[in-house]
2 protein chains.
Amino acid sequence: MPLSPVVKEISIAVIKTACSNCNLRELCLPFGLSEEEMARLDELINVRKRIKRGEHLYRAGQPFESIYAIRSGFFKTDVLLEDGRDQVTGFQMAGELLGLDGISNEHHSCNAVALEDSEVCHIPFSRLENLSREIQTLQHHFHKVMSREIVRDHGVMMLLGTMRAEERLAAFLLNLSQRFTARGFSHAEFNLRMTREEIGSYLGLKLETVSRAFSRFQEEGLIAVQQKHIRILNIPGLKQIMSHHNH
Amino acid sequence: MPLSPVVKEISIAVIKTACSNCNLRELCLPFGLSEEEMARLDELINVRKRIKRGEHLYRAGQPFESIYAIRSGFFKTDVLLEDGRDQVTGFQMAGELLGLDGISNEHHSCNAVALEDSEVCHIPFSRLENLSREIQTLQHHFHKVMSREIVRDHGVMMLLGTMRAEERLAAFLLNLSQRFTARGFSHAEFNLRMTREEIGSYLGLKLETVSRAFSRFQEEGLIAVQQKHIRILNIPGLKQIMSHHNH
DNA sequence: TTGCACGGTTGACATGGATCAAACCCGTCT
DNA sequence: AGACGGGTTTGATCCATGTCAACCGTGCAA
């Protein structure tokens, strides 16, 4: 059966996806819900999409109708200016939500691209609003998630506004490490899913600067880098880089 | 009657404040509500606080229990790093909401300071959640407001990550102009409420750089600056500065 | 009225990161 | 196996913005 051009780029698998037995439920939307409440959430979240590396989950300008919970994989979001400049606004991993920016004016305001083969749960937003009018816990948790996104963005603004290159990269690595840990992965060893250029775009730096900072950290014994493979050797050392911001 | 030290710094006036006859209702939370729904919102928003110039509406770390709608005046929000660095994360004016960042972990994550004598409406958050479980329009509008904040933050990240000094300042001025216009003020002439240092902090620049950029714009006939008084003479010119980002 | 304090402006100079360019590494295709 | 291409590393140089310092303007207090 032929697929339309639009659908072709992401294959939709209508697999019954249950929050109730998802191991990410404590990181994700169902956090704090009772069994019975979770069952009601399950009714609404029943489509899972697979997105292959490099494909868009959504694009800026497309009508907004759903948010997405990442079940597995890794994404970036970015915004584009008319003159071609773009900036990565975030990297998202399992258990995190994508698409919250689209609520504001019924259209997505950024692009979401998979950086590795990924799976997301499709959450129709108006049905989520309906359900969260009935389940207070869900309502409150959703508000917390949105608020957390605002706080995170303030952190990035701080980083972009006041930190120098090496501080930014240290903050970035520590943040990744901490999020991997929360998902049960090694806090000290991981593969970067994004290029130096994407890291640079996120951190407001050029790719060469990112590369040099990696090399510098390696020379100082803080990390071991081998292309995309990172081993963090000295977490306190990285933290220290963030604190003494002169030289 | 003596006031406690905590209360002393902001004088609370328990004046009946009605959204229903507030001229900011179309910019603010009541947007889109029917008369009857607005009356229910009125029941919940019945305390107005006056905050004098320089005083804090709230501070980072304080327990969160309310959000605030600005009735009149002008605020800045800023975050502080342990090592003393701080950054202004936004400037807020009448009709805008303050405190959304506090939802995420029951504590405010930034400081909100009045830049001129101001008045805010006090909106107990749990009561707002209760009401928005009953009024779909309110619920949806509140979600839009939070989402808009996220989109705004992405814009600031873009600005901090990719723009040069003069582009940032042009973007800043155009944004202010546009928000003043939306509130019925002149789009071309206004007084800045913040210092050069605060502008710089927001834009990720030093105050001297901000000052030089103002002077440069003046030389080029784009604006007329006289200390805090700004007159915008050439809006297309400012827009153009933002677009050609090389030299 | 004078003087002080705070914010703003301007200049001279220093520097972190951008830019430009070459070479390298690694996986993939032929 | 060889060649190609995307991503990365490293070096040399440049420039926008930071830093430091002097001075100015305005409003408030004595």
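About the cut-offs
Throughout this document, residue positions are counted from 1 along each chain, in the order its sequence is written. To label them, take the chains in the order written and letter them from A, then take the ligands in the order written and number them from 1. Residues qualify for local features only when their pLDDT is at least 70, as the model is predicted, and side-chain atom pairs are given and counted only at 80 or more; totals for whole chains, interfaces and linings, by contrast, use all residues. Side-chain metrics rest on all non-hydrogen atoms present in the structure, leaving aside hydrogens and water. A domain assignment, automatic or from a database, supplies the domain bounds used here. Contact between two residues is taken to exist if any of their heavy atoms lie within 4.5 Å; hydrogens are not considered. A quick way to say it: buried area is the sum, across both parts, of accessible area lost when two parts are put together, with a 1.4 Å probe. One side-chain nitrogen of Lys or Arg within 4 Å of one carboxyl oxygen of Asp or Glu is enough to make a salt bridge. Secondary structure elements are taken from DSSP: a helix is a run of H or I of four residues or more, a strand is a run of E of two residues or more, and numbering for both begins at the N terminus. Note that Gly is not counted as nonpolar here; it falls among the polar residues with everything else outside the nonpolar set of Ala, Val, Leu, Ile, Met, Phe, Trp, Tyr, Cys and Pro and the charged set of Asp, Glu, Lys and Arg. Only heavy atoms are used to decide nearness, and a residue is near a molecule or strand if one of them lies within 4 Å of it. Here a polar contact is recorded for every N or O atom pair within 3.5 Å, except that within protein the pair must consist of a potential hydrogen donor and a potential acceptor, and residues adjacent in sequence are included only if both atoms are side-chain atoms. A pair of strands counts as paired when DSSP detects no fewer than two bridges linking them. Angular values range over 0 to 180 degrees, each being the angle between N-to-C directions of two axes fitted as lines to C-alpha atoms, with helices fitted over their stretch in contact.

A.B. asks: What am I meant to see in the domain arrangement of chain A here?
C.D. replies: Quoted interface sizes are often the accessible area lost when the parts come together. Residue and element names in this part refer to chain A. Its domain assignment divides chain A into domain 1 (23-157) and domain 2 (164-246). For domain 1 and domain 2, the distance between their C-alpha centres works out to 25 Å. If you look at the interface, domain 1 gives 17 residues, while domain 2 gives 12 residues. Around 1300 Å² of area is buried between domain 1 and domain 2 when both sides are counted, 58% of it from carbon and sulfur atoms. If you sort the residues of domain 1 by the area they bury against domain 2, F74, F91 and M93 come out on top, with a joint share of 42%. In this assembly, domain 1 and domain 2 are joined by four salt bridges. Across the pair R179 and E96 runs a salt bridge, and its minimum N-O distance is 3.0 Å. With eight residues, strand β6 (residues 86-93) is the largest single contributor of residues to the side of domain 1 that touches domain 2. Within the side of domain 1 that touches domain 2, the residues separate by chemical class into eight nonpolar, four polar and five charged.

A.B. asks: What am I meant to see in the protein's contact with DNA strand D here?
C.D. replies: DNA strand D sits among 18 residues. The nearest are R196(A), S211(A), S215(A), A165(B) and T209(B). The sugar-phosphate share of atoms of DNA strand D within 4 Å of the protein amounts to 66%. Note that a base oxygen of DNA strand D is positioned 2.9 Å from one of the side-chain N or O atoms of R212(B). Per-element accounting of the surface near DNA strand D gives the leading share, five residues, to helix α7 (residues 207-219) of chain A. Each residue belonging to the surface near DNA strand D can be placed in one class, and the counts come to three nonpolar, seven polar and eight charged.

A.B. asks: What is the right way to look at the protein's contact with DNA strand C in this model?
C.D. replies: Neighbouring DNA strand C are 18 residues, the closest being A165(A), T209(A), R212(A), R196(B) and S215(B). Backbone atoms, meaning sugar and phosphate, form 67% of the atoms of DNA strand C found within 4 Å of the protein. A distance of 2.7 Å is found between a phosphate oxygen of DNA strand C and a backbone nitrogen or oxygen belonging to A165(A). A distance of 2.6 Å separates a phosphate oxygen of DNA strand C from a polar side-chain atom of S215(B). In terms of residue count, helix α7 (residues 207-219) of chain B provides more of the surface near DNA strand C than any other element does, five residues in total. In the surface near DNA strand C, the residues fall into three nonpolar, seven polar and eight charged.

A.B. asks: Help me understand the sheet that holds β6(A), please; the structure alone is not making it clear to me.
C.D. replies: Think of a sheet as strands paired side by side through backbone hydrogen bonds, with each pair either parallel or antiparallel. Residues and elements named next belong to chain A. A sheet is described by the order of its strands in space; here four strands give the open sequence β3-β8-β5-β6, paired in antiparallel fashion. If you trace the sheet from one side to the other, it starts and ends with β3 (56-58) and β6, each paired once. Ignoring which end each strand starts from, the neighbouring axes of this sheet average 30° apart. Relative to strand β8 (residues 111-114), β3 runs antiparallel, the two sharing two bridges. Looking at β8, one finds that Y58 is bridged to A112.

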